[in-house]
Amino acid sequence: MAELKERLRSDLTAAMKGRQTTVVATLRMALAAVTTEEVAGKVARELSDEEVLKVLTREVKKRNEAAEAFAGAGRKEQADAELAEAEVLKSYLPAQLSDDELADVVAHAIATVADQIGEQPGQKQMGQVMKLANAKVAGRAEGGRVAAVVKAKLLG
């Protein structure tokens, strides 16, 4: 079993004993999402830690989007609840890259693509640069944030 999934389960048990309702609800939802992902497709399988991280990242993104929607509709209490759930899940994700670290990763990806094609990459090579950058970032920065830095570096 994936180490992260086992950690989620043990933390759920501890939260239940500590009567932490938000944490219990959030971890149950996260484990349900992991289980759903495991049985999706033709054959049930065990997720790796990396795949569990992707599920948790997706769940954090959902919570943030829901909080934004609730806040826009004037429902502050629901927005706060969604943000609290997102914070619980973020504690299981790797630390996010700083702007400088992300810029370094993107610069390295651009240099790698430049070596491959023999010239400075432009807008047409954005997909290649994104592929390399996202592989190095591995969940430590949102895709939109990576894309913005790549675009700025390629155009600027």
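First, a word on what this report is: a plain description of the structure on this page. The structure presented is a predicted model; accordingly, all values stated were derived computationally and were not measured.

### Let's talk about helix 2 (residues 21-39)
For helix 2, spanning 19 residues, the distance from its first C-alpha to its last is 27 Å, which sits close to the expected 27 Å at 1.5 Å a residue. Those residues of helix 2 lying buried are Val24, Thr26, Leu27, Met29, Ala30, Leu31, Ala33, Val34 and Glu38. As for helix 2, its buried residues are in contact with helix 1 (3-17), helix 3 (49-72) and helix 4 (76-90). Within two residues after helix 2, Gly41 carries a phi angle of roughly 95 degrees, on the positive side.

### Points about helix 6 (residues 126-137)
Between its first and last C-alpha atoms helix 6 spans 16 Å; for twelve residues at 1.5 Å apiece the expected length is 16 Å, and the two agree. For helix 6, every residue scored as buried is listed here: Met126, Val129, Met130, Ala133 and Val137. Angularly, the buried residues of helix 6 cover 100 degrees about the axis, an arc narrow enough to put them on a single face. What points out from helix 6, more than 90 degrees from its buried face, is the exposed set Gly127, Lys131 and Ala135. In this structure, the buried residues of helix 6 make contact with helix 5 (99-117) and helix 7 (143-155). Note on helix 6: the residue one or two positions beyond its end, Ala138, has a positive phi of about 45 degrees.

### Some points on the packing of helix 1 against helix 3
Direction vectors running N to C along helix 1 and helix 3 enclose 55 degrees, while the axes themselves pass 7 Å from each other. It follows from the interaxial angle that helix 1 and helix 3 lie oblique. For the pair helix 1 and helix 3, contact is made by Glu3, Leu4, Lys5 and Leu8 and by Asp49, Val52, Leu53 and Leu56, respectively. Residues that form the contact of helix 1 with helix 3 fall into these classes: five nonpolar, no polar and three charged.

Criteria and thresholds
Residues numbered from 1 in each chain as written. Predicted model: local features only at pLDDT ≥ 70, side-chain atom pairs only at ≥ 80, totals over all residues. Heavy atoms only, no water. Helix = DSSP H or I, 4+ residues; strand = E, 2+ residues; numbered from the N terminus. Expected span 1.5 Å × (residues − 1). Buried < 20%, exposed > 50% of the residue type's maximum accessible area, 1.4 Å probe, protein only. Contact = heavy atoms within 4.5 Å. Arc of directions from axis to C-beta. Axes fitted to C-alpha atoms, helices over the stretch in contact; angles between N-to-C directions. Parallel < 35°, antiparallel > 145°, perpendicular 65-115°, else oblique. Nonpolar A, V, L, I, M, F, W, Y, C, P; charged D, E, K, R; others polar.

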